[in-house]
Amino acid sequence: MGPLSELAHAGNQNKPYGIQFLKCIRKNRVSYKTYQAIVLIVTFFAYASYHAARKTTSIVKSTLDPESSELGLKLFPWKITYLSEPVERRLSWKLGDGWAPFNGSDGTALLGELDVAFLSIYAMGMYFSGHIGDRMDLRIFLTIGMVGTGLFTSLFGVGYWANIHNFYYYLIMQMLAGLLQSTGWPSVVAVVGNWFGKTKRGLIMGIWNAHTSVGNISGSVIAAAMLSYGWGWSFVVPGLIIAFIGLVVFLLLPVNPESIGIDRDEDELNSPRKTGEEVREPLLGSDSMVKETAVGFIEAWKIPGVAPFALCLFFAKLVAYTFLYWLPFYISHTAIDGKYLSSGAAGNLSTMFDVGGVLGGILAGHISDRLDARAITAASFMYCAIPALFFYRSYGHISLTVNIALMFITGMFVNGPYALITTAVSADLGTHKSLKGNSRALATVTAIIDGTGSVGAAIGPLLTGYISAKSWSAVFTMLMGAALIAGLLLTRLVVAEVTAKIEESRSQSSAASRMPAVSLEV
């Protein structure tokens, strides 16, 4: 057996078992687009399950501390959302005296500490996860993260049956869950980035990014439905779901074309060389023999564009997560057409912000693809978010229809650049030309950008808790200021893109003006 045959055999041994089975029943006639569809579907449900597991704590808070739904909410604004009135009434009957140690006078503060601990560990873990992810098989890394997340999410719920009332048990479970959750985003973005070229990456990843909203809504529904059987089930069921999907990832997810023996062309990041609709495999040329090295953490920060986009996402995510945690509370405490909505109705209404965000992510991705200008698109959306925030605060109370329309528009402009930066931009920078094709940086760059954004996500809601006690207008002023800073941080990149567009237009005009003269000479 020659070296190439041995390498091919070794590569085949590392293929996901599900892919090997698919190739067997299809007699190796599997198209490249089929692999791409598998990647999109598996990673979509993988990250949706991360968000579903993450959402459970906010749903169970009112059960652990009945007063947390009304008292202390100025500082820690996590409320039950997406619930109908009948469900909310049924939950109120189930609340009882709550669950020690969260039902005491400092119960709300303890629940808030759980969330701060989770977000802090998640943000810090993101940096390490990306660094590790670029140095090991992402399929294995993602599987470990998902099964681990399922384990610690379930162990939090086990406290219900084990009658555990020690706060530090729940704190440790949340911190470990946050650490394992940080494995998700760098991994899925890196895998999708490996399979899709830059020309259509923005649109595809914009649509794919809807997994966030799908995960939030499904997690809320599942956790709320399980509450009637005991709050422990609200953690165990999402935990089992993410662990199961983790096994699906292990069996089905191809990390990149090379991992399953497919050759690809460097131009489209890279479309494979095909014979008809089937790919030729294994195609192990000399390039496949080159061992790629992962870039270091500091090196990744030095990639052009990483620092500006990371800092931009800090402020963009600050705005987005402030709405995520505070919007239901703000709606229920603001008279709309002279009437106040219940908590359940406010939660349902707040989903329009997520719906607008899904459309915003798709639009931002599509526009940036057409213009081939990520920075211009992201900055434009952030600047448009400023008047959207102003109008929502000033005129959202007029009527329910106006409130829904303005909330939808605000969600579109706030979440659009957030989705674009965490997906297509991260994938672009992780495969930047400065890497010269011999380094792997997708997971590291994604982790740096989203990890920095996660710090803003933790700070935004915390600041809002204190500022809203004085004035909601001041909160919206802070959010508009954050949106402005986010846009300004991209100014240098915007200028570079505009300059490139002008030079490109001039060169095209110059070429067009010379064409008649050339034709006359001929």
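Conventions and cut-offs
Residues numbered from 1 in each chain as written. Predicted model: local features only at pLDDT ≥ 70, side-chain atom pairs only at ≥ 80, totals over all residues. Heavy atoms only, no water. Helix = DSSP H or I, 4+ residues; strand = E, 2+ residues; numbered from the N terminus. Buried < 20%, exposed > 50% of the residue type's maximum accessible area, 1.4 Å probe, protein only. Contact = heavy atoms within 4.5 Å. Areas by Shrake-Rupley, 256 points an atom, 1.4 Å probe, with all protein chains shown as cover. Salt bridge = Lys/Arg side-chain N within 4 Å of Asp/Glu carboxyl O. pLDDT = per-residue confidence, 0-100. 1 Å grid on protein atoms, 1.4 Å probe; cavity = no way out; pocket = protein on both sides within 12 Å on 5 of 7 lines; lining within 4 Å. Points joined across faces, edges and corners; volume = space filled by probe spheres on them. Nonpolar A, V, L, I, M, F, W, Y, C, P; charged D, E, K, R; others polar. Expected span 1.5 Å × (residues − 1). Axes fitted to C-alpha atoms, helices over the stretch in contact; angles between N-to-C directions. Parallel < 35°, antiparallel > 145°, perpendicular 65-115°, else oblique.

Trainee: I'd love a proper account of the overall build of the protein chain, names of residues and values included.
Mentor: Helix and strand content of the protein chain: 19 helices and four strands. Here the protein chain holds 522 residues, and the buried ones make up 54% of them. At a minimum sequence separation of 6, the contacts of the protein chain that also span at least 24 residues come to 81%. When the accessible area of the protein chain is evaluated, it comes to approximately 22,500 Å², of which 66% is carbon and sulfur surface.

Trainee: Residues and numbers for the pattern of salt bridges, please.
Mentor: Summed over all chains, the structure comprises two salt bridges. Notably, a salt bridge pairs D450 with K317, separated by 3.0 Å at the nearest N-O pair. In this pair, D450 sits in helix α17 (residues 442-468) while K317 sits in helix α13 (residues 306-332), placing the two residues 133 residues apart along the sequence. The same class applies to D450 as to K317, namely buried. With a closest N to O distance of 2.9 Å, R374 and D369 form a salt bridge. With a relative accessible area of 8%, R374 lands in the buried category. The exposure class assigned to D369 is buried, which follows from its relative accessible area of 16%.

Trainee: How would you summarise the confidence of the model for the protein chain if you had to cite specific residues and measurements?
Mentor: Averaged over all residues, the pLDDT of the protein chain is 78; the fraction at 70 or higher stands at 79%. The low-confidence segment residues 69-95, where pLDDT is below 50, has 68 contacts with residues more than four positions distant or belonging to other chains.

Trainee: Can you tell me about empty space enclosed by the protein, naming the residues and giving the values?
Mentor: In total, this model carries eight cavities of 30 Å³ or more according to the counting rule given. What the largest cavity holds in volume is close to 340 Å³. Every residue lining the largest cavity is counted, 26 residues in all, and those nearest its centre are H51, N209, T212, N415 and Y418. Of all the secondary structure elements, the ones that give two or more residues to the lining of the largest cavity are α3 (32-64), α10 (211-227), α13, α14 (343-371) and α16 (400-430). The leading source of residues in the lining of the largest cavity is α14, at five residues. Around the second largest cavity, the lining is made up of 14 residues, and of these R54, K55, S58, L324 and Y325 lie nearest the centre. Put simply, the parts of the chain that give the lining of the second largest cavity at least two residues each are α3, α5 (107-133) and α13. Looking at the lining of the second largest cavity element by element, the count peaks at six residues for α3. Classifying every residue of the lining of the second largest cavity by side-chain character gives five nonpolar, five polar and four charged.

Trainee: For helix α8 (residues 184-195), give the residues involved together with the corresponding values.
Mentor: Helix length check: α8, at twelve residues, gives a terminal C-alpha distance of 17 Å against a target of 16 Å (1.5 Å per residue), a fit within 8%. Where burial is concerned, most of α8 is hidden: twelve out of the twelve residues are buried.

Trainee: Before we move on, can you summarise the environment of V42 with the specific residues and values?
Mentor: Mapped onto the elements, V42 comes out in helix α3. For V42, a relative accessible area of 8% gives the class buried. Through-space distance from the C-alpha of V42 to that of V188 is 9.3 Å; in sequence the pair is 146 residues apart.

Trainee: Hey, could you go over the packing of helix α2 (residues 17-25) against helix α11 (residues 233-252) for me, with residue numbers and the actual values?
Mentor: One can describe the packing of α2 onto α11 by two numbers: an axis separation of 4 Å at closest approach and a directional angle of 50°. Between α2 and α11, the crossing angle belongs to the class labelled oblique. Counting all contacts with α2, which are made through Y17, G18 and I19, the residues of α11 involved are F250, L251 and L252. When grouped by side-chain class, the residues that make up the contact of α2 with α11 number five nonpolar, one polar and no charged.

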